[in-house]
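Architecture at a glance
One letter stands for each residue in the lines below.
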Amino acid sequence: MTHPVESFELDHDRVTAPYIRKAKVMTVNPAYPDCVISKFDVRFAQPNQEFLSNGALHTLEHLFATFIRQKTDQLIDVSPMGCRTGFYFVFCNDQEPAWVARLVREALMEVCRFTGKIPGASRKECGNYLEHNLDEAKLWAERFLKVPEADVIVVYRT
Ligand SMILES: [Zn+2]
């Protein structure tokens, strides 16, 4: 039995980055229908026109993992999209897009202010510790923050 891949059903020609989209809510265990997780796309770059360098993407991943977890215990995972245009955020429970937008924007403001050693980026802690780019990560963060908080949330119907 196969299940559709939600993100393959999104028309990537119809989106305008940057944006945050609630991709899906999933039941974890059918025996506990109230026990759900929610997944969001946090898109930085316009699909099929531009993409983040590995270094910028990797640094943003480390900083998101650090800063978002300082603000909430609901984050299960934040991981880069393979197309390098953004990130998937997975949370415990059915989270509101406005709450996610606030969290992401607060974390990105911290990225813009951040100086010093990238968390978790030593050889022992990271699988590709030399491939980081804080300056580029900051440029993408600034670009994302140019979109007002109320406008960054989108609903794209497939
Ligand atoms: Zn790493």
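Just so we're clear, the structure is a prediction, and the values are computed from it rather than from any experiment.

1. Observations concerning the coordination of the zinc ion
- Surrounding the zinc ion are the protein donor atoms His58 (NE2), His62 (NE2) and Cys126 (SG), which sit 2.1 to 2.3 Å from the metal.
- Linear spacing of the donor residues for the zinc ion on their chain is H-x3-H-x63-C. Residue His58 and its partner His62 are both found in helix H1 (residues 54-71); the two are separated by four residues, about one turn of the helix. Across the pair, His62 and His58 agree in class, each one buried.

2. Description of helix H3 (residues 134-145)
- Taking 1.5 Å of rise per residue, 12 residues should cover 16 Å, and H3 covers 16 Å from first to last C-alpha, within 8% of that figure.
- Regarding H3, the residues found buried are Leu134, Ala137, Lys138, Trp140, Ala141 and Phe144. In an axial view of H3, the angular spread of the buried residues amounts to 165°, which keeps them on one side of the axis. What points out from H3, more than 90 degrees from its buried face, is the exposed set Asp135 and Leu139.
- Of the surrounding elements, those touching the buried residues of H3 are strand S1 (19-29), strand S2 (32-43), H1 and helix H2 (97-113).
- The N-capping residue of H3, defined by a side-chain oxygen 3.3 Å from the backbone nitrogen of Asp135, is Asn133.

3. Points about the environment of Glu142
- Structurally, the position occupied by Glu142 is in helix H3.
- Residue classification places Glu142 among the partly exposed positions, given a relative accessible area of 39%.
- Residues Glu142 and Val36, spaced 106 residues apart in sequence, show a C-alpha to C-alpha distance of 32 Å.

4. Considerations on the sheet that holds S1
- Overall, mixed pairing links the five strands, which are arranged S3-S4-S2-S1-S5 in an open sheet. Each end of this open sheet is capped by a strand with a single partner; those strands are strand S3 (75-80) and strand S5 (153-154).
- In the sheet, S3 pairs with strand S4 (residues 86-92) via five bridges, with the strands oriented antiparallel. When the sheet's bridge partners are listed, Leu75 is paired in S4 with Phe91.

5. Details of the nonpolar core
- Of all hydrophobic cores here, the largest spans 35 residues; its most connected members are Ile20, Phe44, Leu60, Phe64, Phe89, Val104 and Leu108.
- Put simply, the parts of the chain that give this core at least two residues each are S2, H1, S3, S4, H2 and H3.
- Filtering out sequence-adjacent residues up to four positions away, Leu60 remains in contact with Phe44, Leu52, Phe87, Leu108, Val111, Ala137 and Trp140.
- The next biggest cluster of nonpolar side chains, apart from the first, holds six residues, and it includes Leu10, Val15, Tyr19 and Val154.

What counts and what doesn't
- Residues numbered from 1 in each chain as written.
- Predicted model: local features only at pLDDT ≥ 70, side-chain atom pairs only at ≥ 80, totals over all residues.
- Heavy atoms only, no water.
- Donors = N, O, S within 2.8 Å, 3.2 Å for Na, K, Ca; no water.
- Helix = DSSP H or I, 4+ residues; strand = E, 2+ residues; numbered from the N terminus.
- Buried < 20%, exposed > 50% of the residue type's maximum accessible area, 1.4 Å probe, protein only.
- Expected span 1.5 Å × (residues − 1).
- Arc of directions from axis to C-beta.
- Contact = heavy atoms within 4.5 Å.
- Polar contact = N/O pair within 3.5 Å; in protein donor to acceptor, adjacent residues only side chain to side chain.
- Pairing = 2+ DSSP bridges.
- Core = buried A, V, L, I, M, F, W, Y, C linked by side-chain atoms within 4.5 Å.

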